[in-house]
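Chains, contacts and geometry: an overview
Below, each chain spelled out in residue letters.
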Amino acid sequence: MNLILLGPPGAGKGSQGKSLAEKYNIPQISTGDILRAAVRDKTDLGIKAKSYMDKGALVPDNLVVEIVAERLKKSDCNDGFILDGFPRNILQAEAVERMLAQFSKRIDHVINIEVSRKEIVKRLSGRRVCRNCGEGYHIIFNPPLDDKKCDKCGGELYQREDDREDTIETRMKVYEEQTAPLIDFYKKKDFLVSIDGIGGFKDITEKIVNAIVAR
Ligand code: AP5
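The structure displayed is predicted, hence computed values, not measured ones. Along every chain, residues carry numbers that run from 1 in the direction the sequence is written. In keeping with the predicted nature of the model, local features appear solely for residues at pLDDT of at least 70, side-chain atom pairs appear and are counted solely at 80 or more, and the whole-chain, interface and lining totals rest on all residues. Values reported for side chains reflect all heavy atoms of the structure, with hydrogen atoms and water molecules removed beforehand.

1. Quick notes on the nonpolar core
Within the largest apolar cluster, 33 residues are counted, with the highest numbers of intra-cluster contacts made by Leu 72, Met 99 and Tyr 186. Take this core: its biggest share by element is seven residues, from helix α4 (residues 61-72). Contacts between residues were defined by any pair of non-hydrogen atoms, one from each residue, lying within 4.5 Å. Tyr 186 has contacts with Ile 4, Leu 6, Pro 87, Ala 93, Val 96, Val 110, Phe 191 and Leu 192, leaving out every residue within four places of it along the chain. To define a nonpolar core, start from buried Ala, Val, Leu, Ile, Met, Phe, Trp, Tyr and Cys residues and group those joined through side-chain atoms within 4.5 Å. Classification of residues uses two cut-offs on accessible area relative to the type maximum, computed with a 1.4 Å probe and protein chains only: under 20% is buried, over 50% is exposed, and between them is partly exposed. Judged by nonpolar contacts, the second largest core, of 21 residues, contains Leu 20, Met 172, Ile 204 and Ile 208. A run of H or I in DSSP counts as a helix once it spans at least four residues, and a run of E counts as a strand once it spans at least two, with each numbered from the N terminus.

Written out as structure tokens, the structure is:
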């Protein structure tokens with residue numbers, strides 16, 4: 001099963017991607033996570049990507065497309081994968097089609113998670129992430145036991161640089177201008193299912209699974 005999770009910043013792509021990856025035993029490929037790890041490790045990619053990410057802009061397509069092309073070649077993607085945060089514009093969507101065609105594969109489902117702007121700001125401003133293992137929390141909706149430490153590994157929890165209110169605005173604008181056109185792009189191909197992203201984490205996973213089964 002080759003799946004794309006689409007949606008605005010904070011829609012729950014990362015949270016749902018994790019549950020679906022466990023359920024279907026396929027990898028979740030988050031370009032945001034890969035880029036943040038590169039920034040943390042100060043690799044060439046990370047050095048190039050950091051200034052774009054900090055201001056909420058998209059990292060140049062050539063860098064991101066290359067990351068995904070390399071990742072999809074790995075054997076753990078043979079039975080399927082979940083793309084979280086990629087593609088983010090039409091050029092990236094066309095690139096992934098070309099990559100998959102090389103292996104006679106295609107995208108099977110595109111799940112579009114819909115969440116209001118008000119909810120997005122609430123979710124992103126309350127998000128905390130473990131610096132060590134990347135586990136995500138929310139100070140109200142999914143709070144850690146200790147507000148400074150990760151429940152899983154004890155690592156330090158931090159607020160993402162791009163989760164500040166002014167940067168959230170830029171990310172929303174970038175989403176509307178560059179990513180939202182993908183909704184029509186995938187509708188025309190009959191791949192798209194839209195899901196209401198408001199509700200409990202498990203309820204939303206269930207809605208996605210039901211939508212996949214029904215297609
Ligand atoms: P990326 O990391 O992909 O950020 P994003 O798309 O803005 O998505 P988020 O991670 O903010 O949100 P999400 O939808 O995954 O929600 P989550 O589950 O975490 O990208 C970051 C940057 O990297 C980009 O701005 C860009 O610079 C660069 N980049 C990445 N991919 C790129 C690409 N393809 N091309 C170019 N540049 C790229 O949830 C958010 C919060 O809400 C959490 O606290 C969570 O606990 C909470 N929450 C989730 N679900 C619920 C729920 N049902 N109820 C209550 N709270 C919930």
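2. Considerations on helix α7 (residues 165-179)
In this scheme, a helix's expected span is set at 1.5 Å multiplied by one less than its residue total. The end-to-end C-alpha separation of α7 is 20 Å, in line with the 21 Å expected for 15 residues at 1.5 Å each. Where α7 is concerned, the buried positions are Thr 167, Ile 168, Arg 171, Met 172, Val 174, Tyr 175 and Thr 179. Buried positions in α7, seen along its axis, are confined to an arc of 165 degrees and lie on one side of it. The exposed residues of α7 that point more than 90 degrees off its buried face are Glu 165, Asp 166, Lys 173 and Glu 177. The directions considered for the arc run from the helix axis to the C-beta atoms.

3. Some details on the side chain of Thr 179
By the element assignment, Thr 179 lies in helix α7. Definition of a polar contact: a pair of N or O atoms within 3.5 Å, with one able to donate and the other able to accept a hydrogen when the atoms are protein atoms, and with sequence-neighbouring residues admitted only if both atoms are side-chain atoms. Looking at Thr 179, its side chain comes within polar contact range of the main-chain oxygen of Arg 88, at 2.8 Å. With sequence-adjacent residues up to four places away left out, Thr 179 is seen in contact with Leu 6, Arg 88 and Val 174.

4. Topic: a nonpolar patch on the surface
Each patch groups residues whose relative accessible area exceeds 30% and which form no salt bridge, using 9 Å between like charges and 5 Å between nonpolar side chains of Val, Leu, Ile, Met, Phe, Trp and Tyr. The accessible surface values rely on the Shrake-Rupley method and a 1.4 Å probe; as for residues, cover is taken only from the protein chains in view. Salt bridges, as used here, are contacts in which a Lys or Arg side-chain nitrogen is within 4 Å of a carboxyl oxygen on Asp or Glu. Residues Ile 139, Ile 140, Phe 141 and Phe 201 make up a contiguous nonpolar surface patch of roughly 390 Å² in combined accessible area. You can call Ile 139 partly exposed: its relative accessible area is 43%.

5. Looking at the site of the ligand
In the vicinity of the ligand there are 34 residues, among which Ser 15, Ala 57, Arg 88, Arg 127 and Arg 171 approach most closely. Here Ala 11 contributes a backbone N or O atom positioned 3.1 Å from an oxygen atom of the ligand. At a separation of 2.9 Å, a nitrogen atom of the ligand approaches a polar backbone atom of Gly 199. For the ligand, the accessible surface in isolation is 1,000 Å², of which the surrounding protein chains cover 95%. Contributing elements (two or more residues each) for the shell around the ligand: α1 (13-24), α2 (31-40), α6 (117-125), β6 (136-138) and α9 (201-214). With four residues, α2 is the single largest residue contributor to the shell around the ligand. Near, as used in this document, describes a residue that has one of its heavy atoms within 4 Å of the molecule or strand being considered.

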